[in-house]
Amino acid sequence: MGKILSSAHVHTTFCDGKTPAKEMAGKAYEMGFVSLGFTSHAAQTFDPGYCIEPSREKEYIKEIRDIQKEYEGRMAVYLGIERDLYSCSNPSDYEYFIASVHYFEKPDGTYVGIDADASDLQKYVNEYCGGNGLEMAKRYYSLFTEYVTGSKPAIIGHFDLVRLNNSRLNLYDEDSKIYRDMALESLRAMSETNALLEVNTGGIARGYMTSPYPDDFLLKEWKNWGCEVIVNSDCHNVKLLDAGFDEALEILLSLGYDHVVRLSSNPQKGMWERIKI
Ligand SMILES: [Zn+2]
Ligand SMILES: [Zn+2]
């Protein structure tokens, strides 16, 4: 089985990551990575501990550009962001962005985290979805579909993130036809944008999940549609730069995938490259 030696989804101390960007790049280089994409949580007007402070956005861009120069010709470094639906940053300031939905907006203009505190999400379901977990999932996929089809990101971030709190709250049956059809319909619409679907190992790396996002049935269909995947660690801690990659590759091989996409090792030849697995 091949090695990926790259991650296009990496957080640092510019947002909620634990490792400074320079240290992260140093470790990636030491591990033999051929490419690395920094993707701090893009600036937003709420939940400030989680994202780049809007006043530090320029500093982030400069720091990643400096690292890019430092490793030129040795490891390809890219300036990206993970841009939430409710972020206020401009994607065109970056080389690429990952589109993710981490929040619901409440009618009073405040937000509730989808992958944050389970009891807050349960309250949201009770108050705004009539106590119906499937209604919450439907809302998530509909927001996400609209975001991806309207903004055309390079990467679809942790597609079925609703699974995280469902594993704690048991809000709906993930094997039910109604849930699966809703997720597949959303994924089908996103496939039209040619975005890469991320196989995100962050949840297993941090011990929250037993398998990567997205679920196997979604990856299977994605392959049938002839679309491409990228394996990312969603790393918040340098120790977990490639955590879960072997598990992800095993799953992809078992589903019939024979290659994945990664950030290009040679930016002159383009931003993305395919590698055999
Ligand atoms: Zn995320
Ligand atoms: Zn992330």
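Here, every reference points to the structure presented above.
Residues numbered from 1 in each chain as written. Chains lettered and ligands numbered in written order. Predicted model: local features only at pLDDT ≥ 70, side-chain atom pairs only at ≥ 80, totals over all residues. Heavy atoms only, no water.

Participant: Would you mind showing me how to read the pattern of salt bridges here?
Facilitator: Any two side chains of opposite charge can pair, given that their charged atoms come close. Within this structure, the stated rule accounts for 14 salt bridges. Its salt-bridge partner being Glu 95, residue Arg 65 comes within 3.7 Å of it at the nearest N-O pair. Of this pair, Arg 65 sits in helix α2 (residues 57-70) while Glu 95 sits in the loop between β3 (76-84) and β4 (96-100); the two residues are 30 residues apart in sequence, bridging distant segments of the chain. Overall, Arg 65 belongs to the partly exposed group, its relative accessible area being 32%. As a salt-bridge pair, Glu 174 and Arg 163 come within 3.9 Å of each other at their nearest N and O atoms. Of this pair, Glu 174 sits in the loop between α5 (162-169) and α6 (177-191) while Arg 163 sits in helix α5, and the two are 11 residues apart along the sequence. The exposure class assigned to Glu 174 is buried, which follows from its relative accessible area of 19%. With relative accessibility at 5%, the residue Arg 163 sits in the buried group. A single network of salt bridges, built from pairs that share partners, joins Asp 160, Arg 163 and Glu 174. (Salt bridge = Lys/Arg side-chain N within 4 Å of Asp/Glu carboxyl O. Helix = DSSP H or I, 4+ residues; strand = E, 2+ residues; numbered from the N terminus. Buried < 20%, exposed > 50% of the residue type's maximum accessible area, 1.4 Å probe, protein only.)

Participant: Would you mind showing me how to read the coordination of the zinc ion (ligand 1) here?
Facilitator: When a metal holds four donors in a tetrahedron, each ideal angle between them is 109.5 degrees; when it holds six in an octahedron, the ideal angles are 90 or 180 degrees. Here the zinc ion (ligand 1) is held by Glu 82 (OE), His 102 (NE2) and His 158 (NE2), and the distances to it run 2.1 to 2.2 Å. Of note, the donors binding the zinc ion (ligand 1) are all from one chain and are spaced E-x19-H-x55-H. (Donors = N, O, S within 2.8 Å, 3.2 Å for Na, K, Ca; no water.)

Participant: Would you mind showing me how to read the packing of α6 against helix α8 (residues 216-224) here?
Facilitator: Think of two packed helices as two axes; the pair is described by the angle between the axes and how far apart they sit. At a closest axis distance of 10 Å, the pairing of α6 and α8 adopts a crossing angle of 35°. In terms of crossing hand, the pair formed by α6 and α8 is right-handed. On α8, the residues touching Tyr 179, Arg 180, Ala 183, Leu 184, Leu 187 and Ser 191 of α6 are Phe 217, Leu 218, Glu 221 and Trp 222. Residues that form the contact of α6 with α8 fall into these classes: 7 nonpolar, 1 polar and 2 charged. (Axes fitted to C-alpha atoms, helices over the stretch in contact; angles between N-to-C directions. Left-handed = near helix turned anticlockwise from the far one by under 90°. Contact = heavy atoms within 4.5 Å. Nonpolar A, V, L, I, M, F, W, Y, C, P; charged D, E, K, R; others polar.)

Participant: Sorry, what's going on with the pairing of strand β10 (residues 259-263) here?
Facilitator: Remark: a regular strand shows side chains that alternate across the two faces of the sheet. Burial within β10 is extensive, with 4 of its 5 residues counted as buried. When β10 meets strand β11 (residues 272-276), the two strands line up antiparallel, connected through 5 bridges. Note that in β11 the partner of Leu 263 across the bridge is Trp 272. (Pairing = 2+ DSSP bridges.)

Participant: Would you mind showing me how to read the coordination of the zinc ion (ligand 2) here?
Facilitator: Protein-derived coordination of the zinc ion (ligand 2) comes from His 9 (NE2), His 11 (NE2), Glu 82 (OE) and Asp 234 (OD), at a distance range of 2.0 to 2.2 Å. Relative to the metal, the 4 donor atoms surrounding the zinc ion (ligand 2) lie at angles of 82 to 170°, and the coordination shape comes out irregular. The distance between the zinc ion (ligand 2) and the zinc ion (ligand 1) is 3.4 Å, with Glu 82 acting as a donor to both metals. Highlighted residues: His 9 in strand β1 (residues 6-10) and Asp 234 in the loop between β9 (229-232) and α9 (245-254), separated in sequence by 225 residues. Residue His 9 shares its accessibility class with Asp 234, and that shared class is buried. (Tetrahedral: all angles 85-135°; square planar, octahedral: opposite > 155°, others 65-115°.)

Participant: When you look at the packing of aromatic side chains in this model, what are you seeing that I'm missing?
Facilitator: One pair of aromatic rings is described through two measures. These are the centre distance and the angle between the planes. All told, the structure shown has 18 aromatic pairs when counted by the stated rule. Ring geometry for Tyr 172 against Tyr 179: centres 4.9 Å apart, planes inclined by 25°, an arrangement best described as stacked. Its relative accessible area of 7% is what places Tyr 172 among the buried residues. When the ring of Trp 222 is compared with that of Trp 225, the centres are 6.4 Å apart and the planes differ by 65°; the resulting orientation is edge-to-face. The exposure class assigned to Trp 225 is partly exposed, which follows from its relative accessible area of 23%. (Phe/Tyr/Trp six-rings, centres within 6.5 Å; stacked < 30°, edge-to-face > 60°.)

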